[in-house]
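In case you want the letters, here they are:
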Amino acid sequence: DLLAQEIGWRLPVLGLIDWLRGLPVETQPASLDWDQQGRLQTLKQDGWHIDYPRYRSVGARQLPDKLRLMRDELQVKLVIDTWLAP
């Protein structure tokens, strides 16, 4: 709500949790592209286009450590420094 109030756009908080893990939101339609290692490379969902240019090993999993979210004229880049393996 604060982002919407201050700059006029909303970051999809509910979808963001899955998107950060390199997954689509299961309950919403999506367009998916996978890389040769079976990792999500691009995702189009809920009006957003998400690119996953880089992953890292976290325990036995591969998790994104860089994402780019785009919608209309908005572009958000996220870099994850540290993942805590469960």
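Only a predicted model underlies this, so the values are computations on that prediction, with no experimental measurement involved. (Residues numbered from 1 in each chain as written. Predicted model: local features only at pLDDT ≥ 70, side-chain atom pairs only at ≥ 80, totals over all residues. Heavy atoms only, no water.)

S.K.: Go over the overall build of the protein, please, and point to the residues and values.
M.R.: Along the backbone of the protein there are 2 helices and 5 strands. Secondary structure elements in the protein, listed N-terminal to C-terminal, are α-α-β-β-β-β-β. Sequence-distant contacts in the protein: of pairs separated by 6 or more residues, those separated by 24 or more amount to 28%. As displayed, the protein offers around 6100 Å² of accessible surface, 50% of which is attributable to carbon and sulfur atoms. (Helix = DSSP H or I, 4+ residues; strand = E, 2+ residues; numbered from the N terminus. Contact = heavy atoms within 4.5 Å. Areas by Shrake-Rupley, 256 points an atom, 1.4 Å probe, with all protein chains shown as cover.)

S.K.: Just give me the short version of the pattern of salt bridges, but keep the residues and values in it.
M.R.: Under the definition given, this model contains 4 salt bridges. Between Arg39 and Asp35 there is a salt bridge whose closest N-O contact spans 2.8 Å. Look at Arg39 and you get partly exposed, because its relative accessible area is 22%. Among the residues examined, Asp35 registers a relative accessible area of 19% and is labelled buried. A salt bridge links Asp65 to Arg56; the shortest N-O distance between them is 3.1 Å. Under the relative-accessibility criterion, Asp65 is labelled buried at 5%. One salt-bridge network, in which partners are shared between bridges, spans Arg54, Arg56 and Asp65. (Salt bridge = Lys/Arg side-chain N within 4 Å of Asp/Glu carboxyl O. Buried < 20%, exposed > 50% of the residue type's maximum accessible area, 1.4 Å probe, protein only.)

S.K.: Any chance you could break down the sheet that holds strand β5 (residues 74-79) for me, citing the residues and the numbers?
M.R.: In spatial order, the strands read β1-β2-β3-β4-β5; together these 5 strands make up an open sheet with antiparallel pairing. In this open sheet, the two strands that pair with only one neighbour each are β1 (30-34) and β5. Pairs of neighbouring strands in the sheet enclose a mean axial angle of 20°, with direction left out of account. In this structure, strand β3 (residues 48-58) lies alongside strand β4 (residues 61-71), joined through 8 bridges in antiparallel fashion. Bridged to Val58 within β4 is Arg61. (Pairing = 2+ DSSP bridges. Axes fitted to C-alpha atoms, helices over the stretch in contact; angles between N-to-C directions.)

S.K.: I'd love a proper account of the nonpolar core, names of residues and values included.
M.R.: In terms of nonpolar packing, the biggest core is built from 13 residues, with Trp19, Leu43, Ile50, Tyr52, Leu67 and Leu69 touching the most fellow members. When residues of this core are traced back to their parent elements, those giving at least two are α2 (13-20), β2 (40-45), β3 and β4. For this core, the element with the highest residue contribution is β3, accounting for 4 residues. Every residue in contact with Leu43, bar those within four places of it in the chain, is listed here: Trp19, Leu23, Pro24, Ala30, Ser31, Leu32, Trp48, His49, Ile50 and Tyr52. (Core = buried A, V, L, I, M, F, W, Y, C linked by side-chain atoms within 4.5 Å.)

S.K.: Could you give an account of the confidence of the model for the protein, with specific residues and numbers?
M.R.: Averaged over all residues, the pLDDT of the protein is 87; the fraction at 70 or higher stands at 83%. No element of the protein has a lower mean pLDDT than helix α1 (residues 2-7), at 60, and none a higher one than β1, at 97. (pLDDT = per-residue confidence, 0-100.)

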